[in-house]
Amino acid sequence: MTDKSKCCGCTVCASICPKQCITMQEDEEGFLYPVINKSLCIGCNLCQKVCPILNQEDERKPLSVYAAKSRDEEMRLASSSGGVFTLLAEKIIDRGGVVFGARFNENWEVIHDCTETKEGLAAFRGSKYVQSCIGNCYSKAKQYIQDGRQVMFSGTPCQIAGLKRFLGKDYDNLLAVDVVCHGVPSPKAWRLYLRDIVSDKQWINSIRFRAKSNSWRNFRLIIEGADSRLNTNELVNEKGYENKWIHAFLLNLTLRLSCHDCQSLRGKSGSDITLGDYWGIEQFAADFDDDKGCSLVLVNTLKGEEIYSGLNCDSIVTPYKSAVLKNPSLDRSVTASINREFLLSQLDKGFIAAYDVCLDHSFPMRLRRFLFRKLGM
Ligand SMILES: Cc1cc2nc3c(=O)[nH]c(=O)nc-3n(C[C@H](O)[C@H](O)[C@H](O)COP(=O)(O)OP(=O)(O)OC[C@H]3O[C@@H](n4cnc5c(N)ncnc54)[C@H](O)[C@@H]3O)c2cc1C
Ligand code: SF4
Ligand code: SF4
Ligand code: SF4
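Residues numbered from 1 in each chain as written. Chains lettered and ligands numbered in written order. Predicted model: local features only at pLDDT ≥ 70, side-chain atom pairs only at ≥ 80, totals over all residues. Heavy atoms only, no water.

Looking only at helices and strands, the protein features 14 helices and 13 strands. Here the C-alpha radius of gyration of the protein, 21 Å, is about what a compact globule of 377 residues would show, namely 21 Å. Each of the 377 residues in the protein was classed as buried or not, and the buried ones make up 52%. Taking all contacts inside the protein whose residues are at least 6 apart in sequence as the whole, residues at least 24 apart take part in 68%. Looking at the protein as shown, the accessible area adds up to about 17300 Å², and 50% of this sits on carbon and sulfur atoms. Of the charged side chains in the protein, 49 are positive and 45 negative; the average position of the first set lies 5 Å away from that of the second. (Helix = DSSP H or I, 4+ residues; strand = E, 2+ residues; numbered from the N terminus. Rg over C-alpha atoms; globule rule 2.2 N^0.38 Å. Buried < 20%, exposed > 50% of the residue type's maximum accessible area, 1.4 Å probe, protein only. Contact = heavy atoms within 4.5 Å. Areas by Shrake-Rupley, 256 points an atom, 1.4 Å probe, with all protein chains shown as cover. Lys, Arg positive; Asp, Glu negative; His and termini not counted. Charge placed at Lys NZ, Arg CZ, Asp CG, Glu CD.)

Set out below in structure tokens:
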């Protein structure tokens with residue numbers, strides 16, 4: 001892997017290699033990249049044939065665009081946007097299917113997994129602003145699909161593009177759902193952030209990146225648990241912009257390199273449905289907005305239209321240009337902060353210390369960052 005900006009970490013190459021000679025290894029910034037054991041490689045080139053970056057699909061425009069809200073208020077409040085992910089997933093489970101999505105593991109790292117129950121969907125609910133580890137989910141999904149089960153696979157557009165390349169053909173019983181994607185932060189930086197805020201991760205009970213009981217727009221990051229040093233069970237309860245993890249995410253300081261030149265945008269992932277936040281809904285349909293969460297739904301295929309039309313939600317049709325106006329990630333990649341490499345190079349100090357030196361505006365710190373950018377020192 002010579003140009004890291006050309007690898008989104010989808011892991012398809014490692015999953016497909018017939019000699020299992022590709023392993024995904026974490027680099028110093030904390031992202032997984034494929035590493036080949038050349039002594040085992042037979043030169044079959046399968047890894048290159050499946051790579052979604054080397055073999056891109058055409059851009060597509062959605063068939064229709066909706067603003068939508070689940071009628072289940074409790075579930076909508078527990079979701080990041082309007083709760084459409086859960087409505088789609090419940091439909092698949094009602095049909096005897098299996099749903100794949102991103103959840104926390106016991107160490108509060110983000111991984112992909114699957115469930116066959118509605119209760120199991122709770123773990124997938126809500127955005128986790130960290131790159132998730134796919135593990136063996138592509139192989140598992142393929143097995144379920146070939147067994148004839150309905151499968152809904154949800155993830156970032158590059159994970160869906162990877163799944164499609166892994167499967168190699170279309171299946172009627174697969175519903176592929178991606179999210180509008182700003183980019184994914186470093187899993188290593190996330191581990192260090194958690195280490196900074198809680199001395200033992202076992203004490204954490206829940207993490208919500210998009211807690212919105214007061215407001216969807218002014219969401220908060222809330223981490224609940226117990227820490228013997230504190231009198232409260234809220235380890236973190238901060239407004240999005242005031243929280244250092246979310247702020248670094250929004251300033252594009254911690255994203256994977258490939259996110260700054262995303263090759264899965266504009267329908268290239270091949271998903272049936274794309275979900276996002278309908279930012280700006282108050283301007284286009286003020287009556288529809290209650291600041292409790294509104295989904296943007298791009299229906300990309302007839303299969304997507306069939307399942308979406310049967311959902312129990314309030315939904316209005318909107319033009320694509322209204323959707324994209326306040327949600328530029330739909331259409332183009334975000335530009336990396338000039339201090340991205342600097343922050344990620346300082347992670348040995350811990351995440352919060354790296355963030356602090358990165359946002360320190362004193363002259364000596366500005367000079368230090370300048371020298372780092374120019375001379376790498
Ligand atoms: C990293 C990231 C960046 C995003 N950027 C934008 C953006 O710029 N603009 C925008 O409009 N929307 C963005 N979204 C999507 C948005 O936050 C909601 O996830 C989406 O609208 C679905 O909301 P919901 O209410 O339907 O369901 P929810 O229950 O809130 O969403 C859950 C869905 O998100 C998936 N998911 C959660 N975390 C991850 C992860 N780390 N990796 C892969 N899949 C994950 C789950 O598998 C499930 O499909 C982003 C989501 C993520 C994860
Ligand atoms: S060329 Fe074939 S054997 Fe070698 S790493 Fe790629 S998939 Fe594996
Ligand atoms: S983009 Fe995916 S398939 Fe291509 S090299 Fe990276 S991990 Fe492998
Ligand atoms: S921005 Fe693109 S490359 Fe980055 S995680 Fe999202 S889909 Fe993948």
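This is not the end of the story, as more comes after the structure.
Let's shift gears to the site of ligand 1. In the vicinity of ligand 1, 35 residues are found, and the nearest of them are Ser80, Ser81, Ser127, Asp277 and Asn327. At a separation of 3.4 Å, an oxygen atom of ligand 1 approaches a polar side-chain atom of Arg210. The separation between an oxygen atom of ligand 1 and a polar side-chain atom of Asn327 is 2.6 Å. Protein contact buries 97% of the 890 Å² of open area that ligand 1 shows by itself. Looking at the shell around ligand 1, the elements with two or more residues in it are helix H4 (84–94), strand S4 (98–104), strand S6 (151–155) and strand S11 (273–277). With three residues, S11 is the single largest residue contributor to the shell around ligand 1. Considered class by class, the residues forming the shell around ligand 1 number 11 nonpolar, 20 polar and four charged. (Near = heavy atom within 4 Å. Polar contact = N/O pair within 3.5 Å; in protein donor to acceptor, adjacent residues only side chain to side chain. Nonpolar A, V, L, I, M, F, W, Y, C, P; charged D, E, K, R; others polar.)

Among the 11 residues of H4, eight are classified as buried, and the element is accordingly described as predominantly covered. Residues of H4 that are buried: Val84, Phe85, Thr86, Leu87, Leu88, Ala89, Ile92 and Ile93. Positive backbone phi, approximately 80°, marks Gly96, located one or two places after H4.

Turning to the nonpolar core, a few remarks are in order. Grouped together as the largest cluster of nonpolar side chains are 43 residues, with contacts concentrated most on Tyr193, Ile207, Phe209, Trp245 and Phe351. Of all the elements in the fold, those that place two or more residues in this core are helix H7 (187–197), strand S8 (204–211), strand S9 (220–225), strand S10 (234–239), helix H8 (244–250), helix H12 (340–345), helix H13 (351–358) and helix H14 (363–375). Sorting elements by how many residues they give to this core places H7 first, with six residues. Discounting chain neighbours no more than four positions away, the residues touching Ile207 are Phe104, Trp108, Trp190, Leu194, Leu221, Ile222 and Ile223. If you look at the next biggest cluster of nonpolar residues, it comprises 25 residues, including Cys8, Cys137, Ala141 and Val151. (Core = buried A, V, L, I, M, F, W, Y, C linked by side-chain atoms within 4.5 Å.)

What follows covers the pairing of S4. Along S4, five of the seven residues are buried, which leaves the element largely enclosed by surrounding structure. Where S4 and S6 come together, three bridges link them in parallel fashion. If you follow Phe100 over to S6, its bridge partner there is Phe153. Sheet topology places S4 next to strand S5 (residues 110–115); six bridges connect them, and they run antiparallel. Bridging across to S5, Ala102 finds its partner in His112. (Pairing = 2+ DSSP bridges.)

Every α-helical turn comprises 3.6 residues, leaving residues that sit three or four positions apart pointing alike. Among the residues of H7, those classed as buried are Ala189, Trp190, Leu192, Tyr193, Leu194 and Ile197. Structurally, H7 contributes buried residues whose contacts are with S4, S8, S9, S10, H8 and H13. The N-capping residue of H7, defined by a side-chain oxygen 3.2 Å from the backbone nitrogen of Lys188, is Ser186.

Here the focus is the sheet that holds strand S13 (residues 313–317). Pairing within the open sheet is mixed, and its eight strands lie in the order S5-S4-S6-S7-S11-S12-S3-S13. Single-partner strands in this sheet number two, and they are S5 and S13. Neighbour-to-neighbour, the strand axes of the sheet open up by a mean angle of 25°, direction not taken into account. Along the sheet face, H4 touches strand S3 (64–70), S4, S5, S6, strand S7 (174–179), S11, strand S12 (295–299) and S13 and points at about 160° away from the line of S6. Packed on one face of the sheet, helix H5 (residues 137–146) meets S4, S5, S6 and S7 and runs near 160° to S6. (Axes fitted to C-alpha atoms, helices over the stretch in contact; angles between N-to-C directions.)

Tracing the chain through its elements places Phe104 in strand S4. Discounting residues that sit within four places of it in the chain, Phe104 has contacts with Glu109, Val110, Lys128, Trp190, Ile207 and Phe209.

Quick look at the domain arrangement of the protein now. Interface size, as often reported, equals the accessible area lost upon joining of the parts. On domain assignment, one finds that the protein holds domain 1 (4–50), domain 2 (64–185 + 255–330) and domain 3 (187–253 + 338–375). Taken over C-alpha atoms, the centre of domain 2 sits 26 Å from the centre of domain 3. Across the boundary between the two partners, domain 2 contributes 32 residues, which contact 24 residues of domain 3. Summing both partners gives a buried area of about 2500 Å² for domain 2 against domain 3, and 59% of it is carried by carbon and sulfur. Three residues stand out in domain 2 for area buried against domain 3, namely Trp108, Tyr129 and Asp291, and they jointly supply 30% of the buried area on that side. Between the two partners, domain 2 and domain 3, sit four salt bridges. Among the secondary structure elements, those contributing two or more residues to the side of domain 2 that touches domain 3 are helix H3 (73–78) and helix H9 (281–284). Partitioned by chemical class, the residues of the side of domain 2 that touches domain 3 number 12 nonpolar, 10 polar and 10 charged. (Domains from an automatic or database assignment. Buried area = accessible area lost by both parts, 1.4 Å probe. Salt bridge = Lys/Arg side-chain N within 4 Å of Asp/Glu carboxyl O.)

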